[in-house]
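The chain contents come next:
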There are 4 protein chains.
Amino acid sequence: MDNSRCIHRVQYYETDRMAIVHHSNYIRWMEEARLDFMRNNGADCVDIEYRGVQIPVVSIDCRYKNSARFGDVAETEVRLTFFNGIRMCFSYRSFLQGTDIVLTEGTSEHCFIDENTHRPVNLRRRLPDVCDAIKKILTETDN
Amino acid sequence: MDNSRCIHRVQYYETDRMAIVHHSNYIRWMEEARLDFMRNNGADCVDIEYRGVQIPVVSIDCRYKNSARFGDVAETEVRLTFFNGIRMCFSYRSFLQGTDIVLTEGTSEHCFIDENTHRPVNLRRRLPDVCDAIKKILTETDN
Amino acid sequence: MDNSRCIHRVQYYETDRMAIVHHSNYIRWMEEARLDFMRNNGADCVDIEYRGVQIPVVSIDCRYKNSARFGDVAETEVRLTFFNGIRMCFSYRSFLQGTDIVLTEGTSEHCFIDENTHRPVNLRRRLPDVCDAIKKILTETDN
Amino acid sequence: MDNSRCIHRVQYYETDRMAIVHHSNYIRWMEEARLDFMRNNGADCVDIEYRGVQIPVVSIDCRYKNSARFGDVAETEVRLTFFNGIRMCFSYRSFLQGTDIVLTEGTSEHCFIDENTHRPVNLRRRLPDVCDAIKKILTETDN
């Protein structure tokens, strides 16, 4: 499994008047890291979307430990914690690059829906190859 | 014609590490003000979109005169400067509420496309009622 | 106590390719609603910030129940659930305007820091008038 | 001179309900590309900011030629077109990676201000080493 961290250089437009990254942007970094992680492990969400299945966020949480600033680079580590074809969960930890300083810890929960009906779909029936790829990630993850 | 200015309270997440509104957000305020202006004048872009016509931005420019800060309220005045069924242009001026202090001046140019083919459409043929409503705005505008 | 809901018209730039509001924007709406709620109840965060105290987010969570779309207006109801001068917690519920349809439910936890030292401050000692105003909100809240 | 293009993978949160990147995000990509370009050429804006000089945007414009979508990667090429210590101008062109397809063309104009007084500064007097580095970029640019 490819466990490489997602690298994100803090952008000026991501900072706020406290001169730190605005807390809402870490939620976006979680998405960026999740999409990278999936693509690196054979389950590209671009492909899934273009095959008619969308993956909305059902719930999200984030704890802010330390702040990133302009000039910093963040590294986010992603872990797939649950998947049964209907529901999928991830956990995230962001670090200041090259350090043990934790920026944020978070989780997200997702489902799968049809892009036209917006009804839930079971990935096992709808996209079995993708389902297998995600199951493989789960198996290889040391949970 | 309804010339009322679009009121926007500066949000914390719109500020950057200079403690002013990040310049990209004024581009978003222009969109917000344009949609308000259209809706107030009988050409609701929500309705146009849901009838299958999208209105992408072809070009945009903005000059930054003064900065808005957390706690400020901005007022944006919109003017329709051109419309021929195929192309539509607006100009914008944002003020600090209750003052003559100009925050930004800008313009935007738009076309109309079909939501499925993404090909340009002539609003006169596609949505004649909307075309008439926009022409009416242009006629009533003191350009 | 002023319990009025924070009104937010969905902006085009807040939608994503699922044609719904991107989930990160609800985190921003929580901030917008919280700042409105505080201002309406005599504890204006603009004033607090300009007196040298910042109120960073310590943790956040959000559950997504239904989706808002372009053309929708959201109403967010805010409740202060904890405050002791050092820590402050809120809960949020967003609705589609004029309906019982819940968009999101969330919570946020905050602390208070000095804008220069970035060290935690006790609001009771630093800004006693603000501390009293927030305590008053808590007392009047039916928790 | 380092002319390498700035690579940016389209993020899901950057798309809008037209399923293309929202036009305001290209303004942010211009900033990202400009900061990369400066850093790669010996004039790191992080360093300039932390030495007390801010570089606000005075004006911006952008023409939208083609749309980037989820799954695309954009490459932005930056050119320094003017610099005299007081004013600095750039032009930008974004491409779909690995193609000649132009996404956007734009320009930006900047000045230099003191972070405390917010008054304009002449970089020649305030940060002569940075001024020399930027002049060197201009000299090596084939305008």
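Residues numbered from 1 in each chain as written. Chains lettered and ligands numbered in written order. Predicted model: local features only at pLDDT ≥ 70, side-chain atom pairs only at ≥ 80, totals over all residues. Heavy atoms only, no water.

(A) A look at the sheet that holds strand 4 (residues 73-83) of chain C. Within the open sheet, the 10 strands sit side by side as 1(A)-4(A)-5(A)-6(A)-3(A)-3(C)-6(C)-5(C)-4(C)-1(C). Their pairing is antiparallel. Two strands close off the open sheet at either side, each with one partner strand: strand 1 (6-9) of chain A together with strand 1 (6-9) of chain C. Within the sheet, the average angular offset between the axes of one strand and its neighbour, ignoring direction, is 20°. Sheet analysis places strand 4 (residues 73-83) of chain A next to strand 5 (residues 87-96) of chain A, joined by 9 bridges and oriented antiparallel. Within strand 5 of chain A, the position partnered with Arg79(A) by the bridge is Ser91(A). Lying over the sheet, helix 4 (residues 128-140) of chain A contacts strand 4 and strand 5 of chain A, oriented at roughly 105° with respect to strand 4 of chain A. Contacting strand 4 and strand 5 (87-96) of chain C, helix 4 (residues 128-140) of chain C runs over the sheet at an angle of about 105° to strand 4 of chain C. (Pairing = 2+ DSSP bridges. Helix = DSSP H or I, 4+ residues; strand = E, 2+ residues; numbered from the N terminus. Axes fitted to C-alpha atoms, helices over the stretch in contact; angles between N-to-C directions. Contact = heavy atoms within 4.5 Å.)

(B) Examining the packing of aromatic side chains more closely. Summed over all chains, the structure comprises 24 aromatic pairs over all chains. Taking the centre distance of 6.0 Å and the plane angle of 85° together, the rings of Phe83(A) and Phe112(A) count as edge-to-face. Taken together, the positions of Phe83(A) in strand 4 and Phe112(A) in the loop between strand 6 (102-111) and strand 7 (113-114) put the pair 29 residues apart, joining distant regions of the chain. Using a relative accessible area of 7% as the deciding quantity, one classes Phe83(A) as buried. Accessibility expressed as a relative area gives 1% for Phe112(A), which makes it buried. Through pairs of rings, three or more aromatic residues link up here, namely Tyr26(A), Trp29(A) and Tyr64(A). Just above the ring of Phe95(D) sits the side chain of Arg5(D); from NZ or CZ to the centre is 4.2 Å. (Phe/Tyr/Trp six-rings, centres within 6.5 Å; stacked < 30°, edge-to-face > 60°. Buried < 20%, exposed > 50% of the residue type's maximum accessible area, 1.4 Å probe, protein only. Lys NZ or Arg CZ within 6 Å of the ring centre and 35° of its normal.)

(C) Focus on the interface of chain B and chain A. In this assembly, 9 residues from chain B lie in contact with 9 residues from chain A. When chain B packs against chain A, close to 960 Å² is buried across both sides, 63% of that on carbon and sulfur atoms. When the buried surface of chain B facing chain A is broken down by residue, Tyr12(B), Arg17(B) and His22(B) rank first, second and third, together holding 57% of it. Summed over the shared surface of chain B and chain A, the number is 0 salt bridges. Where chain B touches chain A, the interface holds 4 residue pairs in polar contact (both at pLDDT 80 or more). Of the residues contributing to the side of chain B that touches chain A, the split by class is 5 nonpolar, 2 polar and 2 charged. (Buried area = accessible area lost by both parts, 1.4 Å probe. Salt bridge = Lys/Arg side-chain N within 4 Å of Asp/Glu carboxyl O. Polar contact = N/O pair within 3.5 Å; in protein donor to acceptor, adjacent residues only side chain to side chain. Nonpolar A, V, L, I, M, F, W, Y, C, P; charged D, E, K, R; others polar.)

(D) Geometry of the pairing of strand 4 of chain C. Residues and elements named next belong to chain C. Bridging between strand 1 and strand 4 involves 4 bridges; their strand directions are antiparallel. Each bridged residue has a counterpart across the sheet, and for His8 the counterpart in strand 4 is Ala74. With antiparallel pairing between neighbouring strands as the criterion, strand 4 and strand 5 make up a hairpin whose turn holds 3 residues, including Gly85 at a positive phi of roughly 90°.

In short, the description is geometric, and any link to function would need to be established separately.
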